[in-house]
Each structure stands twice: as structure tokens, then as C-alpha cells.
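# Structural description and commentary
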Amino acid sequence: MTNPAETWWNRIVAGFTHSPVPHVTGTELALVILLAVALSLPQATWRYFGLLATVTHELGHAFAALMTGQRLGGIHLRLDHSGTTTTYSRRPLAAVWSTFWGYPVPAVVGAAMVWSGFNGWGPAAMSVGTLILLASFLFIRNGTGLLITAAAVLAAALLVLFVPPGFNGHVMIVLGLALLVAAVRDLGKLANVHLQRRDRLATSDAYLLSRATRIPAAVWIVLFAAVVGAAWWVAWQPMSQVFSAVPPLTVPGQGGTPA
């Protein structure tokens, strides 16, 4: 008999193959959207799911930094949904690039998960996400961050072990939509900081970008929103096909062939 670790690894490796495209009905998709909203909007669920959005946000900074050859000092995560990614670079444009890719990344990842779920790559998306979370341990620099990341890895491992491969696509659609909703929620929080909570401006990526480039923070927020909007557009394409296939409602006594 194989042990759980070997089974888990075999599932990770097996995920990198194309699986049958899931059949998603209009009713199911409507329920999925409600579930995604339930994960990202109510405070009771956001308290926990929002931590995944924070992890994704900070990993966006980290990945953008590594893409441009910056040295990554580490990531700090906190239970209040805040986080800090420290990078070192002598090139101002590289620093601007890595600072930008925080708020938009949950939406970009969410759109990729939704697309993967609809197109038979749900298991692959789950395998990639799990491996990225495991690799992120290398960059976490505080105890709370290790705890948050460990919880995310555990949740991902349980999904890999216990969710049937044929159902992975459905799970990816739910989680992807939830991250898309979370991205909009976080943009709202960011705008609120600039409009009403200006004592917290130092925590705003848009403020940091405006200081580094002299481009107003409002412009950066609009650019964040543009990327988030584009991600929603990508995610909407397969969803619109499902809804367009739903037959129109017929009202008794209307239509039909006259006698």
C-alpha cells in the first residue's frame, strides 16, 4: 500500500495531464457564484479566506521581483490581512514593477483558475498552486506567516488528496471566482484608505508607487482596476457560454402555435 505522502505526490504529478472538460449547468454556475461571494464578502468567511488573498497578493510582489532579477528579502504575513514583501534593487523601474503586482494578482490568478477549471486543466491548476505554496515557505520570515502558509498548504493538500480529479475543475471555478471577488473587495479597501483612512497611506501600494514615480496614486488605482477588470473579462468568457446555453423561460399560456 502507498503511504499518504506518496499518494499525494502521485496526485500532484497526475494533475499535469488534461482532464475531461467539466459539464457546468447554468444553475450550478449561479450557485458557484453565490458560493464565491459567500467566501469573499461576509466578514465571518473573509476572516479566513481573505488570508489566501493576502498570500496571493504578496506572492505577486515576490514573483514580479524575481522576474526582474531583484533580491527577495522575505515575506511577512499577518492575521489582520496585511503583509509586507521586502525586495532589493538598484533599478527603480524594477522596484516599480514589483510594487505594482500586488493588488491585481489575486484577480489574475483567479481568472487563470476559472479558465483552467472550464477547460479541463483544473487538476493542473491545483497541482501548480500547491507547489507554489510549498515553495513560498522559502521566503516567509515570520511565525504568523509560516502558520498562515502552512494552513494554506494543508488545505491544498487535502483538496489534492480527497477531491476526485473529475471534480477539480468545479473547485477551481469556485476558488477562482472567490479570488476575483476578493480582488474587487481589496480595491475598495484601498480606495477607502485614500479617501477616508489617510493615516494609513503608508500601507498603500498606490501611495508607494506615487512616491517612487510622482504619478498620482489615483492613476495607479485606476491601473489596478483595469487589470482586475481585464481578469474579470477573461473569466466571464466561459461563464457567458454557460449562461447563453440556458433555455429561456416560457410562461404558460404564451407562445405556441395558434389553433
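Everything here concerns the structure above.
Residues numbered from 1 in each chain as written. Predicted model: local features only at pLDDT ≥ 70, side-chain atom pairs only at ≥ 80, totals over all residues. Heavy atoms only, no water.

### Here's the deal with the pairing of strand β1 (residues 71–77)
Bridge analysis of β1 against strand β2 (residues 83–88) gives six bridges, and the strand direction is antiparallel. Following the sheet pairing, Ile75 is matched in β2 by Thr85. Connecting the antiparallel pair β1 and β2 is a turn made up of five residues, with His81 showing a positive phi of about 75°. (Pairing = 2+ DSSP bridges. Helix = DSSP H or I, 4+ residues; strand = E, 2+ residues; numbered from the N terminus.)

### Thoughts on the environment of Ser82
Turning to its location among the elements, Ser82 is positioned in the loop between β1 and β2. By relative accessible area, Ser82 is classed as partly exposed at 21%. Taking the C-alpha atoms as reference, Ser82 lies 6.8 Å from Thr54; in sequence the two are 28 residues apart. Residues within four places of Ser82 in sequence aside, it is in contact with Thr54, His76 and Leu77. Here the side chain of Ser82 touches Arg78 through a polar contact of 2.9 Å, side chain to side chain. Within the structure, Ser82 has its side chain in polar contact with the side chain of Asp80 (distance 2.5 Å). (Buried < 20%, exposed > 50% of the residue type's maximum accessible area, 1.4 Å probe, protein only. Contact = heavy atoms within 4.5 Å. Polar contact = N/O pair within 3.5 Å; in protein donor to acceptor, adjacent residues only side chain to side chain.)

### Considerations on the packing of helix α5 (residues 105–118) against helix α8 (residues 168–195)
The description of two helices packed together rests on the angle between their axes and the distance between the axes. Relative orientation of the contacting elements α5 and α8 amounts to 155°, with a least axis distance of 7 Å. Between α5 and α8, the crossing angle belongs to the class labelled roughly antiparallel. The handedness of the crossing between α5 and α8 is left-handed. Seen from α5, the contacting residues are Pro106, Ala107, Val109, Gly110, Ala111, Met113, Val114, Gly117 and Phe118; seen from α8, they are Gly169, Met172, Ile173, Leu175, Gly176, Leu177, Leu179, Leu180 and Ala183. (Axes fitted to C-alpha atoms, helices over the stretch in contact; angles between N-to-C directions. Parallel < 35°, antiparallel > 145°, perpendicular 65-115°, else oblique. Left-handed = near helix turned anticlockwise from the far one by under 90°.)

### A closer look at helix α4 (residues 92–100)
Along α4, the positions that sit buried rather than exposed are Ala94, Val96, Ser98 and Phe100. Of the surrounding elements, those touching the buried residues of α4 are α3 (43–67), β2, α9 (205–213) and α10 (217–244).

### Side note on the side chain of His57
Tracing the backbone shows His57 in helix α3. A relative accessible area of 10% places His57 in the buried class. Within the structure, the side chain of His57 is placed 3.5 Å from the backbone oxygen of Gly102, a separation counted as a polar contact. The contacts of His57, once residues within four sequence positions are left out, are Trp101, Gly102, Tyr103, Pro106 and Asp205.

### Focus on the side chain of Ser19
For Ser19, the position within the fold is in the loop between α1 (4–14) and α2 (26–40). Among the polar contacts listed, one links the side chain of Ser19 to the backbone oxygen of Gly120, at a separation of 2.9 Å. Every residue in contact with Ser19, bar those within four places of it in the chain, is listed here: Gly120 and Pro123.

### Considering the nonpolar core
Among the nonpolar cores identified, the biggest contains 49 residues, and Phe118, Leu177 and Phe224 are the most heavily contacted of them. Among the elements that line this core, the one with the most residues is α8, at 13 residues. Sequence-distant contacts of Phe118, that is, excluding residues within four places in its chain, are made with Val21, Pro22, Val24, Leu29, Ile173, Pro238, Met239 and Val242. Core analysis: the second largest hydrophobic core is formed by 13 residues, Leu51, Ala62, Ile75 and Ala152 among them. (Core = buried A, V, L, I, M, F, W, Y, C linked by side-chain atoms within 4.5 Å.)

### Focus: the packing of α1 against helix α7 (residues 143–162)
Relative orientation of the contacting elements α1 and α7 amounts to 80°, with a least axis distance of 9 Å. Classed by the angle they form, the pair α1 and α7 counts as roughly perpendicular. On α7, the residues touching Pro4, Thr7, Trp8, Arg11 and Ile12 of α1 are Ala157, Val160, Leu161 and Phe162. Across the contact of α1 with α7, the residue classes tally to seven nonpolar, one polar and one charged. (Nonpolar A, V, L, I, M, F, W, Y, C, P; charged D, E, K, R; others polar.)

### A look at α8
In this model α8 runs 41 Å from its N-terminal to its C-terminal C-alpha over 28 residues, within 8% of the 40 Å that 1.5 Å per residue would give. Across the 28 residues of α8, 22 count as buried, placing the element largely inside the fold. (Expected span 1.5 Å × (residues − 1).)

### With respect to the packing of aromatic side chains
The final tally for this structure, using the stated rule, is seven aromatic pairs. Centroid distance Phe100 to Trp101: 5.0 Å. Interplanar angle 85°. Geometry classified as edge-to-face. Aromatic ring contacts, followed pair by pair, group Trp97, Phe100, Trp101, Tyr103, Trp220 and Phe224 into a single cluster. (Phe/Tyr/Trp six-rings, centres within 6.5 Å; stacked < 30°, edge-to-face > 60°.)

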